[in-house]
Amino acid sequence: GVISAITKSGTNDFHGSLFEFLRNDVLDAAKWEDNKNNGGVKPPYKRNQFGGSIGGPIVKDHTFFFGSYEGLRERLGNTRGPYNVPSFATRAGTINSVTRPFVLSYPVPNIRQPDGSFDKADGTGQFSDFQTRPTTQNYWTARGDHKFSDSDNFFARFTYDHADQFRPDVNINTGASISTSSRFLTMEESHVFSPTLLARSNFSFTRTNLADVDSILDGYTVPLFSFTGL
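Residues numbered from 1 in each chain as written. Predicted model: local features only at pLDDT ≥ 70, side-chain atom pairs only at ≥ 80, totals over all residues. Heavy atoms only, no water.

Caption draft 1: Looking closely at the overall build of the protein chain. Each helix and strand in the protein chain was counted, giving three helices and eight strands. Along the protein chain, helices (α) and strands (β) appear in the sequence β-α-β-β-α-α-β-β-β-β-β when read from the amino end. Split into buried and exposed, the 230 residues of the protein chain put 30% on the buried side. Total accessible area computed for the protein chain in this model is approximately 14900 Å², and 59% of it derives from carbon and sulfur atoms. (Helix = DSSP H or I, 4+ residues; strand = E, 2+ residues; numbered from the N terminus. Buried < 20%, exposed > 50% of the residue type's maximum accessible area, 1.4 Å probe, protein only. Areas by Shrake-Rupley, 256 points an atom, 1.4 Å probe, with all protein chains shown as cover.)

Caption draft 2: The pattern of salt bridges, seen in detail. Summed over all chains, the structure comprises five salt bridges. Between Asp28 and Arg23 there is a salt bridge, with its nearest N and O atoms 3.7 Å apart. According to the relative accessible area criterion, Arg23 is partly exposed, its value standing at 40%. Among the salt bridges present, the one from Arg200 reaches Glu188, with a minimum N-O distance of 3.0 Å. Residue Arg200 is found in strand E7 (residues 197-217), and its partner Glu188 is found in strand E6 (residues 175-194); the two are separated by 12 residues along the sequence. Residue classification places Glu188 among the buried positions, given a relative accessible area of 11%. (Salt bridge = Lys/Arg side-chain N within 4 Å of Asp/Glu carboxyl O.)

Caption draft 3: Structural view of the side chain of Ser53. By secondary structure assignment, the location of Ser53 is in strand E2 (residues 45-59). With residues near it in sequence (within four places) discarded, Ser53 still touches His15, Gly16, Ser17, Phe66, Gly67 and Ser68. (Contact = heavy atoms within 4.5 Å.)

Caption draft 4: Seen up close, unusual backbone geometry. Non-glycine residue Asp61 carries a positive phi angle of around 70°. Checked against the element boundaries, Asp61 lands in the loop between E2 and strand E3 (63-86). The class of Asp61 is partly exposed, set by a relative accessible area of 43%.

Caption draft 5: Inspection of the confidence of the model for the protein chain at higher detail. When pLDDT is averaged along the protein chain, the result is 85, and 88% of the positions lie at 70 or above. At the level of individual helices and strands, the protein chain shows its lowest average pLDDT in strand E8 (residues 220-229), which scores 51, and its highest in E2, which scores 95. (pLDDT = per-residue confidence, 0-100.)

Caption draft 6: Inspection of the environment of Asp119 at higher detail. Following the sequence through the fold, Asp119 ends up in the loop between helix H3 (100-104) and strand E4 (124-149). C-alpha separation for the pair Asp119 and Thr90, spaced 29 residues apart in sequence, amounts to 9.0 Å. When neighbours within four sequence positions are excluded, Asp119 is seen to be in contact with Ser87, Phe88, Ala89, Gln113 and Thr124. A distance of 3.0 Å separates the side chain of Asp119 from the backbone nitrogen of Ala89, its partner in a polar contact. (Polar contact = N/O pair within 3.5 Å; in protein donor to acceptor, adjacent residues only side chain to side chain.)

Here it is as C-alpha cells:
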C-alpha cells in the first residue's frame, strides 16, 4: 500500500485551534477480575489528549509558517493478581532470621477464602490490588513554506515525537521504563515547467531511538536494551 500524509501550511491569514479530549473510568464497568478479587472496585483510569495548532504569514503572499502540538497523558490502572503470598499465620509464626525479611517483604493477604478467613491451609493467602501504567507523549510539528514564483515553491517540515511509559512488574518496586523518540525532517522544492511537466526534489532525514528499556530495582536503573536507527 501507499500512504500519503499532507501537512497543512500557513496562509495569508492567521488561524489557530485548540482541543482537549478526556476519558476516565466513570462510565466503565468493572471487569470480571475486579468483581472477583476487589469487590467490584474498578482500577482508576484517566486519559488526556490535548494540543493545538497555529499558522499564518511571515511575508504576505510569499512565506508562511504552520505549527502544531499534541500531548498525551494516560494513567491506566490494571487489577493485578491474585498472587499467592505468605498467610497471616505464616508471617506470625517462627521464621528463620535469614528468611524472615523476604517473607515479610510480601504484601499481606487481602482476599477472603470460602470459609471467610484470609489464610489457606497450606500456609499461603491470596493478594490482589491495582497497578498504574503511566504513559506520557509529546508530538510537535513545524512547517515553513516559501513561494518564489507561481511556478516555484519550497517547503520544509520537522517533526518530533517522544513517548515514555512505565510498566510495573508483580513486585511493586520493579518494572520497565520504555522510552522512544523520533525525529523527521523533510524538504521539498517543486517547479512547474509546463502544464504537463513538473519536477519535485526531495530531501528527508529520519532518526529514531526504537526503545530504551530499564529495569527499576529498588531505585536502581539498569539499561537492558537501546537502539538508535538512522
